[in-house]
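Notes for the structure review
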Amino acid sequence: MTALLMFTTVAAAVLGNVCKNTFCKDTLKNQSDNLSFNLVGNAFVLIVVIILGGAAAVARETFLYGSGMGIFNLLSGLLFSLALANGPMSLTTLLQLGISLVVSALLGPVFWGEAVSVCQAVGIVLILISMVLTSNARVDRNITFKWLILTILAGATNASLGLFQKLQNTSAHPEEQMGFLFWTFIFSTALNAAWLLLRTKTGKKEQVSFEMKGKPLIIALVCGVTMATQHIINLKMVGVLPTAVFFPLCSGSRILLTALIGIFGFKEKLSRRQIIGFAVGFVALMLVAGVFG
């Protein structure tokens, strides 16, 4: 069951990134567009969480953790979209997940005293090396300082989500997972809507440059489905697996699967460097998962 959940959350993450990248490259023109697109996804997840019983009363601790995650969830989504709009998807995903992976993997040992074996430590390092090797640097040279800052910020805010998930799972009320997600997306959706309203109704009145129908609406809804899938599964997974195992395994798998989609789905050529990267990545994932001890 754990393996199936891991596969599902990784597949959802990759599908969501591919869809979001399509929107950011083809449609995104300004910050109002970004806010409008993200609002649909956040609102969809909120509806799913309510259907699953998330609107029930929760402890104050759960409310605080949920509200904190809601703020960072909104920032993470907006920053990642801007990074995708300003740079290549492969390197954006690579850097964002690399930063998030390292920070998240250290959370367990630093804050919860989780043990990390030598094999797992080596695996974490090898995953980072694999991420660099599997990215196609010869093609993805259109990077800027603005893109770099946006991606680093996206990685840092994304890593904070794992912290809030772990805090909720190790709190006195770990059973309030749906309530935690309810307050997460209440805050994300409300702040998203308020921010969009301010940009479109005050000051320079930056209007949304596209209509939320047809292809943009379908992409936004797909991103909402994948976001809901990830949050629900990841919240359960961080309670089952140590953070030093779950986050590196999940992030590394997303990088490798993204590269596979590029190779087999878009007929991209696999360079010698990428072949080595896949081999290193496979061994690294086995090390982190504890297959070799």
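What counts, and at which threshold
Residues numbered from 1 in each chain as written. Predicted model: local features only at pLDDT ≥ 70, side-chain atom pairs only at ≥ 80, totals over all residues. Heavy atoms only, no water. Core = buried A, V, L, I, M, F, W, Y, C linked by side-chain atoms within 4.5 Å. Buried < 20%, exposed > 50% of the residue type's maximum accessible area, 1.4 Å probe, protein only. Helix = DSSP H or I, 4+ residues; strand = E, 2+ residues; numbered from the N terminus. Salt bridge = Lys/Arg side-chain N within 4 Å of Asp/Glu carboxyl O. Polar contact = N/O pair within 3.5 Å; in protein donor to acceptor, adjacent residues only side chain to side chain. Contact = heavy atoms within 4.5 Å. Expected span 1.5 Å × (residues − 1). Patch = residues over 30% accessible without salt bridge, like charges linked within 9 Å, V, L, I, M, F, W, Y side chains within 5 Å. Areas by Shrake-Rupley, 256 points an atom, 1.4 Å probe, with all protein chains shown as cover.

Okay, the nonpolar core next. Nonpolar side chains tend toward joint burial in soluble globular proteins. Counting 43 residues, the largest nonpolar core has Met6, Phe23, Ile127, Met131 and Phe246 as the members making the most contacts within it. Ranked by residue count, the leading element in this core is helix 9 (residues 243-265), at seven residues. Ranked by size, the runner-up nonpolar core spans 16 residues in total, among them Leu161, Phe164, Phe185 and Met227.

On to the pattern of salt bridges. Inspection of every chain in the model, using the stated rule, returns three salt bridges. The shortest N-O distance in the salt bridge between lysine 213 and glutamate 211 comes to 3.2 Å.

Quick look at the side chain of threonine 157 now. Following the sequence through the fold, threonine 157 ends up in helix 6 (residues 145-169). Given the relative accessible area of 10%, threonine 157 is considered buried. Separated by 3.1 Å, the side chain of threonine 157 and the backbone oxygen of alanine 154 make a polar contact. Contact partners of threonine 157, with chain neighbours within four places excluded, come to Phe72, Leu75, Ser76 and Leu79.

What follows is about helix 10 (residues 272-288). Given a rise of 1.5 Å per residue, 17 residues ought to cover 24 Å, and the 24 Å separating the end C-alpha atoms of helix 10 matches this to within 8%. Turning to helix 10, its buried residues are Gln274, Gly277, Phe278, Gly281, Ala284, Leu285, Leu287 and Val288.

A contiguous nonpolar surface patch, about 370 Å² in accessible area, is contributed by Ile71, Phe72, Leu75, Leu191 and Trp195. It is helix 3 (residues 60-86) that contributes the most residues to the nonpolar patch, three residues altogether. Mapped onto the elements, leucine 191 comes out in helix 7 (residues 177-201).

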